[in-house]
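Understanding the architecture of this molecule
Now for the letters of each chain:
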Amino acid sequence: MTTRPPEPLAPDTAPPASGQPPEQDGLKAGLKNRHLSMIAIGGVIGAGLFVGSASGITAAGPGILLSYALVGALVVFVMRMLGEMAAANPSSGSFSAYADRALGRWAGFSIGWLYWFFWVVVLAVEATAGAVILESWVPAVPQWAWALIVMVVLTATNLASVGSFGEFEFWFAGIKVVAISGFIVLGGLAIFGLLPGSDADTGFGNLTAHGGFLPEGPGAILTGILLVVFSFMGSEIVTLAAAESPDAQRAVAKATRSVIWRVGVFYVGSILVVVALLPWNDPSIAEKGSYVAALDAIGIPHAGQIMNFIVLTAVLSCLNSGLYTASRMAFSLGQRGDAPQSFVKTNTRGVPQTAILASVVFGFVAVAFNYLWPDTVFQFLLNSSGAVALFVWLVICFSQLKMRGIILRESPEKLVVRMWLFPYLTWATIGMISFVLLYMLTDEKEGGGRSQVLLSVLVAAIVIAISFVRERSRRKDTEDVVAPL
């Protein structure tokens, strides 16, 4: 397999005389700095943190803190690598475009389409989750209708302009950030006995009082990793969005450097509050969810409804950013000739309308599968996209190994973000991700890690095979044209 000829890194684009931000790759630079800042912060706070942490605590006890810390470190390293490449060459295709350049056209094609597929399935999952909450509030409207309404509204938002997407995401992410911050502050006051009316235990005795810090043994840390790793997905979105901002390099560098405290505060910090306030084996954690149980313990009224609102916000945020991400990846694939050229066309507002509509159509189809065949077709879609995010992280690592040399050779002044301890920490991260994938193979329960990895590998193999066939056909066409000359 031959790769495409080397291309220089994109040059800096000088702003026009009018002072307006330039258009980049046919897209308008309509995202403001405050949009990108909140996307960067909110991108690591997924709905999975609110609804999935209870299972991790139940499985690993207080040791789940180590699971979150290890996966958080993994995310920090991957984001640092991605930030290095994105700051040097902002692109709407992000890691797919870098894989294309560093590893070959097959890699950019494959990981781009797999990532698009991942987010299309996520659209269906989140639309259904949001519909369940909305139906509980307004039962007169059926669940399928709520899913349709949510999808239509957010599609309209994305079609309007990139600025409207940014504005919606700013407020969605803002609510998540305020909610988590408020939870940590209130929980911290309760832990130190400073919150009146709290029935929760004070101090940090719960971390060791009920069977020790690792009541289920050290192996539970690995089990916890499998349960929490997917709640971190989405942190890479800011590097795609940065391509539609007036100062992409600065935005990427800022987001990359702040990812450590974001993971530490929002994930590890909030889970520390839960396991400090409540015994890890308290039945209310599994019954109500970890955050609702903690809010109940510190005496916050209507905790369940408050958390439902926050989860709904997280779901809508995920839907909004998922549709944006899928459409921009489709746009980038079209730019590189790996998707229909209609995906590259933008309207007068700089929005890739066809790419958005194509993504949402497949999202609607997946939603329909969820209602018609939830245990067969839709379960297959879920499992076959389950490990894609880990594949994306691996590709980012391997791309960065090669791109560092390309950047140093062509535009060393653009290396404003550097991966620490290169290349040793990059290789260590590759080993960590590979270990997680291998450990997933030991999870043999229905719909567990084993089926997710195997089906995701099957889908990835099909996509890679298609990329090889396309490349061979492209080379043959080129040879046929050149031969008579």
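Residues numbered from 1 in each chain as written. Predicted model: local features only at pLDDT ≥ 70, side-chain atom pairs only at ≥ 80, totals over all residues. Heavy atoms only, no water.

1. Observations regarding the overall build of the protein chain
Regarding its fold elements, the protein chain presents 18 helices and two strands. Across its three principal axes, the protein chain shows a C-alpha extent of roughly 85 × 55 × 50 Å. For the protein chain, the residues scored as buried account for 56% of the 485 residues in total. Pairs at least 24 apart in sequence give 81% of the contacts found in the protein chain among residues at least 6 apart. For the protein chain, the computed accessible surface area is about 19500 Å², with 68% contributed by carbon and sulfur atoms. Here the protein chain holds 29 positive side-chain charges and 30 negative ones, and the gap between their average locations is 10 Å. (Helix = DSSP H or I, 4+ residues; strand = E, 2+ residues; numbered from the N terminus. Buried < 20%, exposed > 50% of the residue type's maximum accessible area, 1.4 Å probe, protein only. Contact = heavy atoms within 4.5 Å. Areas by Shrake-Rupley, 256 points an atom, 1.4 Å probe, with all protein chains shown as cover. Lys, Arg positive; Asp, Glu negative; His and termini not counted. Charge placed at Lys NZ, Arg CZ, Asp CG, Glu CD.)

2. What to know about the packing of aromatic side chains
For the coordinates displayed, the defined rule picks out 20 aromatic pairs. Arranged with centres 4.9 Å apart and planes meeting at 55°, the rings of F183 and Y291 form a pair that is tilted. One end of the pair, F183, is in helix 7 (residues 162-191); the other, Y291, is in helix 12 (residues 290-297), and 108 residues separate them in sequence. Taken individually, F183 and Y291 each receive the classification buried, so the pair is uniform in this respect. Relative to W427, the ring of F398 lies with its centre 5.9 Å away and its plane at 85°, an arrangement referred to as edge-to-face. Taken together, the positions of F398 in helix 16 (residues 388-410) and W427 in helix 17 (residues 424-440) put the pair 29 residues apart, joining distant regions of the chain. Members of the aromatic cluster, connected to one another through ring pairs, are F95, Y115, F118 and W119. When the ring centre of F422 is taken as origin, the NZ or CZ atom of R404, which lies over that ring, is 4.3 Å away. (Phe/Tyr/Trp six-rings, centres within 6.5 Å; stacked < 30°, edge-to-face > 60°. Lys NZ or Arg CZ within 6 Å of the ring centre and 35° of its normal.)

3. Notes on the nonpolar core
Across soluble globular proteins, nonpolar side chains show a tendency to be buried alongside one another. Counting 162 residues, the largest nonpolar core has F95, L277, W393, I433 and L437 as its most contacted members. Setting aside residues up to four positions removed in sequence, L277 forms contacts with G187, A190, I191, A200, D201, N206, A294 and I298. (Core = buried A, V, L, I, M, F, W, Y, C linked by side-chain atoms within 4.5 Å.)

4. Observations regarding the pattern of salt bridges
Enumeration over the complete set of coordinates arrives at nine salt bridges. In this structure, R34 and E167 form a salt bridge, with 2.8 Å as the shortest nitrogen-oxygen distance. Residue R34 is located in helix 1 (residues 33-42), and its partner E167 is located in helix 7; the two are separated by 133 residues in the primary sequence. (Salt bridge = Lys/Arg side-chain N within 4 Å of Asp/Glu carboxyl O.)

5. Comments concerning unusual backbone geometry
Excluding glycine, residues mostly have negative phi values, and the peptide bonds linking residues are mostly trans. For the peptide bond that leads from F422 to P423, omega is 0°, which places it in the cis range. Within the secondary structure, P423 is located in the loop between helix 16 and helix 17. Phi at S94 takes a positive value of approximately 45°, unusual for a residue other than glycine. Take S94: it is sitting in helix 4 (residues 94-102). Under the relative-accessibility criterion, S94 is labelled buried at 0%. The phi dihedral of L421 is positive, around 50°, even though this residue is not glycine.

6. Focus on the packing of helix 5 (residues 105-137) against helix 14 (residues 353-372)
Helix 14 packs onto helix 5 with a crossing angle of 55° between their chain directions and a minimal axis gap of 8 Å. Taken together, the axes of helix 5 and helix 14 lie oblique to each other. The chirality of how helix 5 crosses helix 14 is right-handed. Counting all contacts with helix 5, which are made through W116, V120, L123, A124, A127, T128 and A131, the residues of helix 14 involved are A358, S359, F362, G363, A366, V367, N370 and Y371. Here the contact of helix 5 with helix 14 is composed, by residue class, of eleven nonpolar, four polar and no charged. (Axes fitted to C-alpha atoms, helices over the stretch in contact; angles between N-to-C directions. Parallel < 35°, antiparallel > 145°, perpendicular 65-115°, else oblique. Left-handed = near helix turned anticlockwise from the far one by under 90°. Nonpolar A, V, L, I, M, F, W, Y, C, P; charged D, E, K, R; others polar.)

7. Some details on helix 17
Between the first and last C-alpha of helix 17 there are 25 Å, a value that for 17 residues agrees with the 24 Å anticipated at 1.5 Å per step. Of all the residues in helix 17, the buried ones are L425, T426, T429, I430, I433, V436, L437 and M440. Viewed end-on, helix 17 has its buried residues packed into an arc of 150°, placing them on one side of the element. Every exposed residue of helix 17 that faces more than 90 degrees away from the buried side is listed here: Y424 and L438. (Expected span 1.5 Å × (residues − 1). Arc of directions from axis to C-beta.)

8. Some points on a nonpolar patch on the surface
A contiguous nonpolar patch, built from W144, L148, V152, Y371, L372, W373 and V377 and spanning about 670 Å² of accessible area, is present on the exposed surface. Elements supplying a minimum of two residues to the nonpolar patch: helix 6 (143-160) and helix 14. Per-element tally for the nonpolar patch: the top contributor is helix 6, with three residues. Within the secondary structure, V377 sits in helix 15 (residues 377-385). (Patch = residues over 30% accessible without salt bridge, like charges linked within 9 Å, V, L, I, M, F, W, Y side chains within 5 Å.)

9. Observations regarding the environment of I45
Along the chain, the position of I45 falls in the loop between helix 1 and helix 2 (47-60). Residue classification places I45 among the buried residues on the basis of a relative accessible area of 0%. Spatially, the C-alpha atoms of I45 and R470 are 38 Å apart, while their sequence positions differ by 425 residues. Ignoring sequence-local partners within four residues, the contact set of I45 consists of F50, K176, V177, I180, F266 and Y267.

10. Regarding the environment of S258
Mapped onto the fold, S258 is located in helix 10 (residues 248-277). For S258, a relative accessible area of 14% puts it in the buried group. Counting along the chain gives 70 residues from S258 to G188, while the straight-line C-alpha distance between them is 23 Å.

11. Notes on the packing of helix 12 against helix 13 (residues 303-335)
At a closest axis distance of 9 Å, the pairing of helix 12 and helix 13 adopts a crossing angle of 140°. Our pair here, helix 12 against helix 13, has a crossing hand that is right-handed. On helix 13, the residues touching Y291, V292, L295 and D296 of helix 12 are A303, G304 and M307. Across the contact of helix 12 with helix 13, the residue classes tally to five nonpolar, one polar and one charged.

12. Side note on the confidence of the model for the protein chain
With 92% of its residues at a pLDDT of 70 or more, the protein chain shows a mean pLDDT of 85. Within the protein chain, no element has a lower average pLDDT than strand 1 (residues 23-24), which sits at 42, and none a higher one than helix 17, at 94. The low-confidence segment residues 1-8, where pLDDT is below 50, has 17 contacts with residues more than four positions distant or belonging to other chains. Every residue in residues 10-25 is under pLDDT 50, and counting partners more than four places away or in other chains gives 17 contacts. (pLDDT = per-residue confidence, 0-100.)

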